[in-house]
Amino acid sequence: MQDGDTLMNVGKIIFYAAFIISAIIIVCSYMRSERPVRTALSGMLSGGAALLAVHFGGGSIGLYIPLNFFTAALSLTLGAPAVIIMTLADKFGII
């Protein structure tokens, strides 16, 4: 294995660990609200809508996020901020 491969694997591990920690924090936040189901559904709806908007409408302004299991899970779990982060990461070549 080369140094670049090792660095790539460490980056993926850090990314997945950050995703899991963020998901736990979001779920705890949902559970603390007065209406946890309603709060969770509104967060999921905003994330899904943002993902669809960027996927289908972002091409006209140079933005694109593919629809796949990973992007759907991330946007439905973390909401619209996840879509913003994925868009910025794609725009600046991080992912």
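Position numbers for residues start from 1 in each chain and track the written sequence from start to end. In view of the model being predicted, local features appear only for residues whose pLDDT reaches at least 70, and side-chain atom pairs are presented and counted only at 80 or more, with totals across whole chains, interfaces and linings using the full set of residues. Only hydrogens and water are removed before side-chain values are computed, so all heavy atoms of the structure are retained for them.

### Concerning helix α4 (residues 80-91)
- Starting at the N terminus, helices and strands are each numbered in turn, a helix being any DSSP run of H or I of at least four residues and a strand any DSSP run of E of at least two. To estimate how far a helix should reach, multiply one less than its number of residues by 1.5 Å. The terminal C-alpha atoms of α4, which comprises twelve residues, lie 17 Å apart, in line with the 16 Å expected from a rise of 1.5 Å per residue.
- Regarding α4, the residues found buried are A82, V83, M86, T87 and A89. In a view along the axis of α4, the buried residues occupy a sector of 165°, so they form one face of it. Exposed residues pointing more than 90 degrees away from the buried face of α4 are listed as P81, I84 and I85.
- Directly beyond the C-terminal end of α4, a positive phi value near 75° is found at G93. Buried, partly exposed and exposed residues are distinguished by accessible area as a fraction of the type maximum, computed with a 1.4 Å probe on protein chains only: under 20%, between the cut-offs, and over 50%, respectively. The arc under discussion is defined with respect to the helix axis, by the directions toward the C-beta atoms.

### With respect to the confidence of the model for the chain
- Summarising the model, the chain shows a mean pLDDT of 84, and 88% of its residues fall at 70 or more.
- By mean pLDDT, the top-scoring element of the chain is helix α2 (residues 36-57) (92), and the lowest-scoring one is helix α1 (residues 3-32) (77). Per-residue confidence from the predictor is reported as pLDDT, which spans 0 to 100.

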